[in-house]
Amino acid sequence: MADNPKKKGRDRELVSEQEHEVAYLMRTAKVTRQKALEAIREAGPDRKKVMDYLQRK
């Protein structure tokens with residue numbers, strides 16, 4: 001869900017370090033919390049780039 005309910009568009013394409021988003025990455029990519037946070041910091045906020053980063057590691 002978007003931080004601002006009136007905001008539409010790219011929010012689903014972005015990932016942040018919020019706990020529910022980190023938990024989602026941990027489940028889908030089967031990685032630890034530390035690896036998920038590292039991927040977000042290294043790859044940036046783009047969800048596709050984060051997932052690509054995790055698959056390469």
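Only a predicted model underlies this, so the values are computations on that prediction, with no experimental measurement involved.

Caption draft 1: Spatial organisation of the packing of helix α2 (residues 33-43) against helix α3 (residues 47-56). One can describe the packing of α2 onto α3 by two numbers: an axis separation of 9 Å at closest approach and a directional angle of 125°. If you check the angle between α2 and α3, you find them oblique. Classified by chirality, the crossing of α3 by α2 is right-handed. Only K49, V50, Y53 and L54 of α3 make contact with α2, whose side of the interface consists of K35, E38, A39, I40, E42 and A43. Taken together, the residues that form the contact of α2 with α3 break down as 6 nonpolar, no polar and 4 charged.

Caption draft 2: How the structure looks around the nonpolar core. In terms of nonpolar packing, the biggest core is built from 11 residues, these being V15, V22, L25, V31, A36, L37, A39, I40, V50, Y53 and L54. Of all the secondary structure elements, the ones that give two or more residues to this core are α1 (19-29), α2 and α3. For this core, the leading source of residues is α2, giving 4 residues. In this structure, I40 is in contact with V15, S16, E17, V22, L25 and V50, ignoring residues within four places of it in sequence.

Caption draft 3: Representation of the environment of R12. Considering the arrangement of structural elements, one finds R12 in the segment before α1. Measuring from C-alpha to C-alpha, the distance between R12 and R47 comes to 8.1 Å, with 35 residues separating the pair along the chain.

Caption draft 4: Main features of the side chain of E21. By secondary structure assignment, the location of E21 is in helix α1. Nearest to the buried, unbridged E21 among oppositely charged side chains is R47, at 4.2 Å. Discounting chain neighbours no more than four positions away, the residues touching E21 are L14, V15, S16 and R47.

Caption draft 5: The arrangement of the environment of E21 in detail. Accessibility expressed as a relative area gives 14% for E21, which makes it buried. Separated by 16 residues in the primary sequence, E21 and L37 have C-alpha atoms spaced 9.9 Å apart.

Caption draft 6: Focus on α3. V50, Y53 and L54 are the residues of α3 that are buried. One side of α3 carries all its buried residues, which in axial view fall inside an arc of 95°. Turned more than 90 degrees off the buried face of α3, the exposed positions are K48, Q55 and R56. The inward-facing, buried residues of α3 abut α1 and α2.

Rules and cut-offs
- Residues numbered from 1 in each chain as written.
- Predicted model: local features only at pLDDT ≥ 70, side-chain atom pairs only at ≥ 80, totals over all residues.
- Heavy atoms only, no water.
- Axes fitted to C-alpha atoms, helices over the stretch in contact; angles between N-to-C directions.
- Helix = DSSP H or I, 4+ residues; strand = E, 2+ residues; numbered from the N terminus.
- Parallel < 35°, antiparallel > 145°, perpendicular 65-115°, else oblique.
- Left-handed = near helix turned anticlockwise from the far one by under 90°.
- Contact = heavy atoms within 4.5 Å.
- Nonpolar A, V, L, I, M, F, W, Y, C, P; charged D, E, K, R; others polar.
- Core = buried A, V, L, I, M, F, W, Y, C linked by side-chain atoms within 4.5 Å.
- Buried < 20%, exposed > 50% of the residue type's maximum accessible area, 1.4 Å probe, protein only.
- Lys, Arg positive; Asp, Glu negative; His and termini not counted.
- Salt bridge = Lys/Arg side-chain N within 4 Å of Asp/Glu carboxyl O.
- Arc of directions from axis to C-beta.

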